[in-house]
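Each chain is listed here by its residues.
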Amino acid sequence: MKLFRNSYFILLLLFAGTLLIRKPLFNRPLSEHHEWLTAHTLVTMQIWEQEGIAHHHFSPVYSYPGAANKNIPALGGVIAKDGTCYYISYPPFGFILPYFVFQLLHLPITAFWLELFNLLLHLLGSLLLFRLLRQLFYKNTTETPWAAYLGVAVYLYAAASLWFLCNVYFLDMLAQFLLIAVVYCWVKVQEKPSAIHISCLLILFFLLCFTEWICVFLGIALLIVSLIPWQSIEKPGINLKTKYQLIGALVLCGLAAFGLTGYLFSQIAGFDAFKEAILAKYISRSGWSNSGTAEGDMTVYSGAALNNILRHYKANYAPVLKWLALLLLGLVVVLYKNKALKNLQFKQQEIQLLILLGLPVLLHHIILFNFTSIHDFSTAKAAPALAFISAFVVVRWVPLLKENRLVLLLVVGVTAYFGFRSVSQYYLMNQPTFATSYYQQVGKAIKQQCPASTVAFLKQQNLYLSSGAPQFMYYSQRNCMGYWNDTIAKNDLHNKLKQSNALIFDVPWNEGKLTDTLSTRSLQ
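Criteria and thresholds
- Residues numbered from 1 in each chain as written.
- Predicted model: local features only at pLDDT ≥ 70, side-chain atom pairs only at ≥ 80, totals over all residues.
- Heavy atoms only, no water.
- Helix = DSSP H or I, 4+ residues; strand = E, 2+ residues; numbered from the N terminus.
- Buried < 20%, exposed > 50% of the residue type's maximum accessible area, 1.4 Å probe, protein only.
- Contact = heavy atoms within 4.5 Å.
- Areas by Shrake-Rupley, 256 points an atom, 1.4 Å probe, with all protein chains shown as cover.
- Patch = residues over 30% accessible without salt bridge, like charges linked within 9 Å, V, L, I, M, F, W, Y side chains within 5 Å.
- Salt bridge = Lys/Arg side-chain N within 4 Å of Asp/Glu carboxyl O.
- Core = buried A, V, L, I, M, F, W, Y, C linked by side-chain atoms within 4.5 Å.
- Axes fitted to C-alpha atoms, helices over the stretch in contact; angles between N-to-C directions.
- Parallel < 35°, antiparallel > 145°, perpendicular 65-115°, else oblique.
- Left-handed = near helix turned anticlockwise from the far one by under 90°.
- Nonpolar A, V, L, I, M, F, W, Y, C, P; charged D, E, K, R; others polar.
- Phe/Tyr/Trp six-rings, centres within 6.5 Å; stacked < 30°, edge-to-face > 60°.
- Expected span 1.5 Å × (residues − 1).
- Bend = angle between axes of the 7 residues up to and from the residue.
- Polar contact = N/O pair within 3.5 Å; in protein donor to acceptor, adjacent residues only side chain to side chain.
- Disulfide = S-S within 2.5 Å.

Undergrad: For the overall build of the protein chain, give the residues involved together with the corresponding values.
TA: Helix and strand counts for the protein chain come out as 19 helices and 8 strands. Once the C-alpha set of the protein chain is aligned to its principal axes, its extents read approximately 80 × 50 × 50 Å. By residue count, 53% of the 524 residues in the protein chain fall in the buried class. A separation threshold of at least 6 residues defines the contact pool for the protein chain, and within that pool the share at least 24 residues apart is 74%. Carbon and sulfur atoms make up 64% of the accessible area of the protein chain, which amounts to about 23900 Å² in all.

Printed below as a string of structure tokens:
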């Protein structure tokens, strides 16, 4: 029984529950629902392993070795003089970290190990989040931290977290963990500005800035929290002058990370090419410019774009949001009857944490509106903020539940029901029957049949599945050109790729399955 009183043992049990839920979808052939992002990371790691990470300036490379793989564009970016494509939409640390972990532990570069790496980030993030919530809601008490457990459970079992923090690894998932870690260190520094806490804060913020652009919005949140003249009855752990110095140090860390990113990416094809590509990417992903410049025309002026974002939140968090709405409504009714609505007010530290966890996500959605509209994994960043809000509501319920067992049973029942619904939502969006080995089959066929000196063209009946999909690349370890007709293909082969031989792979496709074997023919 003593073991079950250990907070970290309980957290491990909660996390183990997610592993059982994820088991049917774990380590399957890379398929749909953004698993192309996992393949994207694996492709870069494979190429780095083959040719050396320093050879590619520590930048996310996207072209496999060999002349037949050069000058084939994929996912935008910068193309070097030798035809090698690089992905520069983000700083590179989200690729670099797993690569060095794999090299250090001598792990094969496979989806299995990258999914395990992603799960580790989810576990570490949940542990830090628990410490953050316990520090906030249960400081100087010996009570069981029920609200902290429930908040972490939301972070662990939301449909978005179950999927994106396992099967889909990309820089956003590492950034989510780093965001929690930076906020945790910031809170520790405010209480006790020791050298170790300050050092960890600065290092983690540098790494976040070297990973993903949400660092800019977290920096704004940190500045706002620092500038607000909080009225605290407790003795502050850090004075105003030191706080401003800390903000200055964080700014320098951010500038250093951006400078290093710019330097590395400028080695590819020069600074002007990097600047032009990153500016074009921002214009495309912001959605704040005129129609025609944003991907899919999903702009802030488009009702369809806003509907997309709402649909993403509904798909990823509907059970959590409904549960929260019911608990909050019930809490308001009970407190109103008891004339104790003031107990629902945010306390000073709670407001700070809400700003630090919630504002960066909100700003990211607004400034990169097009990105949020197109990619549903962009909403995964909201999980820590929803975990905090859940803990805030639950901690207000706990004193009331102690007084009424019937209400306690009702709240527990509602929580269990919506927990079940969240898991059901995860399976609904990612049904095992939806999984397909299509990409794996096609990729292996290309690898076996296409000589290294021959360009691979891919002809598909379903043009939505781009021939440049990273899943094809990962399994074939080749870059493929899309095929439209012989005239265009011959022009691309001789004029763009500067090659003389190609194989066209005609893929028979129907609803995620190969309907027959691939047919091939030569193109010269």
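Undergrad: Describe in detail a nonpolar patch on the surface, supporting the description with residues and values.
TA: A cluster of nonpolar side chains, Val 216, Ile 220, Ile 224 and Ile 228, forms an exposed patch at the surface whose accessible area comes to about 260 Å². Within the secondary structure, Ile 220 sits in helix H9 (residues 214–227).

Undergrad: Hey, could you go over the nonpolar core for me, with residue numbers and the actual values?
TA: Judged by nonpolar contacts, the single largest core of 167 residues is most densely connected at Phe 137 and Trp 186. The element best represented in this core is helix H7 (residues 171–191), accounting for 16 residues. The next biggest cluster of nonpolar side chains, apart from the first, holds 12 residues, and it includes Ala 68, Phe 457, Leu 493 and Leu 523.

Undergrad: Can you explain the packing of H9 against helix H13 (residues 348–367)? Please cite residues and give values.
TA: At a minimum axis distance of 8 Å, the contact between H9 and H13 shows a crossing angle of 140°. Between H9 and H13, the crossing angle belongs to the class labelled oblique. The interaxial crossing formed by H9 with H13 has right-handed handedness. Residues Ile 214, Phe 217, Leu 218, Ile 220, Ala 221, Leu 222, Ile 224 and Val 225 of H9 touch H13, and the partners they reach there are Gln 352, Ile 355, Leu 356, Leu 359, Pro 360, Val 361, Leu 363, His 364 and Ile 367. Split by residue class, the contact of H9 with H13 holds 15 nonpolar, 2 polar and no charged.

Undergrad: Before we move on, could you go through the packing of aromatic side chains and cite the residues and values that matter?
TA: Two descriptors summarise a pair of aromatic rings, namely the distance from one centre to the other and the angle between the planes of the rings. Evaluation of the coordinates by the stated rule reveals 30 aromatic pairs. Here the aromatic cluster, defined as three or more aromatic residues joined through ring pairs, consists of Tyr 8, Phe 130, Trp 146 and Tyr 149.

Undergrad: Pulling in residues and values, what's your account of the environment of Lys 339?
TA: Within the fold, Lys 339 resides in the loop between helix H12 (303–337) and H13. Between the alpha carbons of Lys 339 and Ala 158 there is a distance of 34 Å; along the sequence they are 181 residues apart.

Undergrad: Give a detailed account of H12, specifying residues and quantitative values.
TA: Here H12 contains 35 residues, and its C-alpha end-to-end distance of 41 Å is more than 12% below the 51 Å for a straight helix at 1.5 Å per residue. In H12, a bend of some 85° at Tyr 317 exceeds every other bend along the element, and Pro 319, a proline, comes one to four places later. Regarding H12, its N-cap is Ser 302, as a side-chain oxygen of that residue lies 3.3 Å from the backbone nitrogen of Ala 304 further along. A positive phi of about 55° marks Lys 339, the residue just after H12.

Undergrad: So what about the packing of helix H15 (residues 383–403) against helix H16 (residues 405–429)? Which residues, and what values?
TA: It is at 6 Å that the axes of H15 and H16 come closest, and there the two elements cross at 130°. As the angle between them shows, H15 and H16 are arranged oblique. Residues Trp 397, Leu 401 and Glu 403 of H15 form the contact with H16, whose participating residues are Arg 405, Val 407, Leu 408 and Val 411. Partitioning the contact of H15 with H16 into residue classes produces 5 nonpolar, no polar and 2 charged.

Undergrad: Before we move on, can you summarise unusual backbone geometry with the specific residues and values?
TA: In this structure, Asn 27 is a non-glycine residue whose phi angle is positive, near 55°. Take Asn 27: it is sitting in the loop between helix H1 (7–22) and helix H2 (36–51). Even without being a glycine, His 34 presents a positive backbone phi close to 70°. Mapped onto the secondary structure, His 34 falls in the loop between H1 and H2. With a relative accessible area of 14%, His 34 lands in the buried category.

Undergrad: Account for the pattern of salt bridges, with residues named and values stated.
TA: Taken as a whole, this structure holds 6 salt bridges when the rule is applied. With its nearest N and O atoms 3.7 Å apart, the salt bridge here joins Glu 191 to Lys 139. With Glu 191 in helix H7 and Lys 139 in the loop between helix H4 (111–137) and helix H5 (146–157), the pair connects residues that are 52 residues apart, well separated along the chain. Put simply, Asp 172, Glu 212 and Lys 381 are held in one network by salt bridges that share partners.

Undergrad: Can you explain the environment of Glu 403? Please cite residues and give values.
TA: Here Glu 403 is to be found in helix H15. Between the alpha carbons of Glu 403 and Cys 253 there is a distance of 50 Å; along the sequence they are 150 residues apart.

Undergrad: How would you explain the side chain of Gln 176 if you had to name every residue and give the values?
TA: Here Gln 176 lies in helix H7. Polar contacts involving the side chain of Gln 176 include one to the main-chain carbonyl oxygen of Ala 380, which spans 2.7 Å. Excluding residues within four positions of it along the chain, Gln 176 makes contact with Tyr 155, Leu 165, Ala 380, Lys 381 and Pro 384.

Undergrad: I'd like to hear about H15, residue by residue, with values.
TA: Spanning 21 residues, H15 covers 31 Å between terminal C-alpha atoms, matching the ideal 30 Å at 1.5 Å per step. Maximal helix bending in H15 amounts to about 35°, located at Trp 397; proline Pro 399 follows within four positions. The buried fraction of H15 amounts to 17 of the 21 residues, a majority that puts the element mostly inside the structure.

Undergrad: Which residues make up the state of the cysteines, and what are the values?
TA: Tallied over the full model, the rule gives 0 disulfides. Not part of a disulfide, Cys 185 finds its nearest cysteine sulfur in Cys 200, a span of 5.2 Å. For Cys 185, a relative accessible area of 9% corresponds to the buried category. In this model Cys 215 remains outside any disulfide bridge; the closest cysteine sulfur is found in Cys 209, 3.6 Å from its own.

Remember, this is a structural readout, not a statement about activity or role.
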